[in-house]
Amino acid sequence: MGDEPYFELAYKFRRILVPVSPMSSARLKELLNVAVDFGERYGAEINFLYVTHSDNDPAVEQLRKAVEDFVGRRGVKHNFKVRKMGEGETIASEIVKELSESAYDLVILLSRGYYGASALLYNSTSVAVALAANTSVLILR
């Protein structure tokens, strides 16, 4: 190998899905920092996803603006998608549907801190996605 740096991650994780939801600004910033890092360092395309319950959810525009303000300044290639939950669906099942309908190499999720049996008891979205995803999953604690 020559003097050029080689990052296997740059070839492995080209399209990344990052589900977002209303949360504290500190937690959102933590999630966005990790996503942007993948975009800046490895040239990954970052796809943010918000799963909503209704068509007129005010959180959609708040999250879109927060993402655009943070990620747009950094010049990372990104998209913001919104999915409306279907009847009898969960946020986790909608994320898994998105993963199966589009080709993603990685999904980055935030954990609320549940793990083990308590994660199953409290219906942890991150654990449910990790168990059902057809791709690599990075859970931030």
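The protein chain is annotated in an unreviewed UniProt entry as Universal stress protein from Pyrobaculum arsenaticum.

Asker: It is not clear to me how the sheet that holds strand 3 (residues 78-84) should be interpreted in this structure. Could you clarify?
Answerer: Hydrogen bonding along the main chain pairs the strands of a sheet, whether they run parallel or antiparallel. One open sheet accounts for five strands, arranged 3-2-1-4-5; its pairing is parallel. Each edge of the sheet is formed by a strand with only one pairing partner; in this case those strands are strand 3 and strand 5 (136-140). Going from strand to strand, the sheet's axes swing by 25° on average, the running direction of each strand aside. One ladder, built from five bridges, connects strand 4 (residues 106-110) with strand 5; its direction is parallel. The partner of Leu 110 across the bridge, within strand 5, is Leu 140. Relative to the sheet, helix 3 (residues 59-74) contacts strand 1 (15-20), strand 2 (45-52) and strand 3, its axis offset from that of strand 3 by approximately 165°. Relative to the sheet, helix 4 (residues 91-101) contacts strand 1, strand 2, strand 3 and strand 4, its axis offset from that of strand 3 by approximately 125°.

Asker: What's the story with the pattern of salt bridges in this structure? I'm lost.
Answerer: It is possible for side chains of opposite charge to pair when their charged atoms get near one another. Evaluated as defined, the whole model comprises 13 salt bridges. Residues Arg 74 and Glu 40 are paired through a salt bridge, measuring 2.9 Å at the closest nitrogen-oxygen approach. Here Arg 74 is found in helix 3, whereas its partner Glu 40 is found in helix 2 (residues 25-42), with 34 residues between them in sequence. Here Arg 74 falls in the partly exposed class, since its relative accessible area comes to 34%. Note that Lys 77 is salt-bridged to Glu 45, the shortest N-O span being 4.0 Å. Of this pair, Lys 77 sits in the loop between helix 3 and strand 3 while Glu 45 sits in strand 2, and the two are 32 residues apart along the sequence. Look at Lys 77 and you get exposed, because its relative accessible area is 57%. Here Glu 45 falls in the buried class, since its relative accessible area comes to 16%. If you follow the salt bridges from partner to partner, you end up with Lys 81, Arg 83, Glu 89, Glu 94, Lys 97, Glu 98 and Glu 101 in one network.

Rules behind the numbers
Every residue gets a number counted from 1 within its own chain, in the order that chain's sequence is written. Local features in this predicted model are restricted to residues of pLDDT 70 or higher, and side-chain atom pairs are both shown and tallied only at a pLDDT of 80 or more, whereas totals for entire chains, interfaces and linings draw on every residue. In computing side-chain properties, one takes all heavy atoms of the structure into account and sets aside hydrogens as well as water. Strand pairing is defined by DSSP finding a minimum of two bridges between the two strands. By the criteria applied, helices consist of DSSP H or I runs no shorter than four residues and strands consist of E runs no shorter than two, each listed in order from the N terminus. All axes are obtained by fitting lines to C-alpha atoms, using only the stretch in contact for helices, and the reported angles, taken between N-to-C directions, cover 0 to 180 degrees. Any two residues having at least one pair of non-hydrogen atoms within 4.5 Å are treated as being in contact. Any carboxyl oxygen of Asp or Glu that lies within 4 Å of a side-chain nitrogen of Lys or Arg is treated as forming a salt bridge with it. When accessible area is computed with a 1.4 Å probe and restricted to protein chains, residues below 20% of their type maximum are described as buried, those above 50% as exposed, and intermediate ones as partly exposed.

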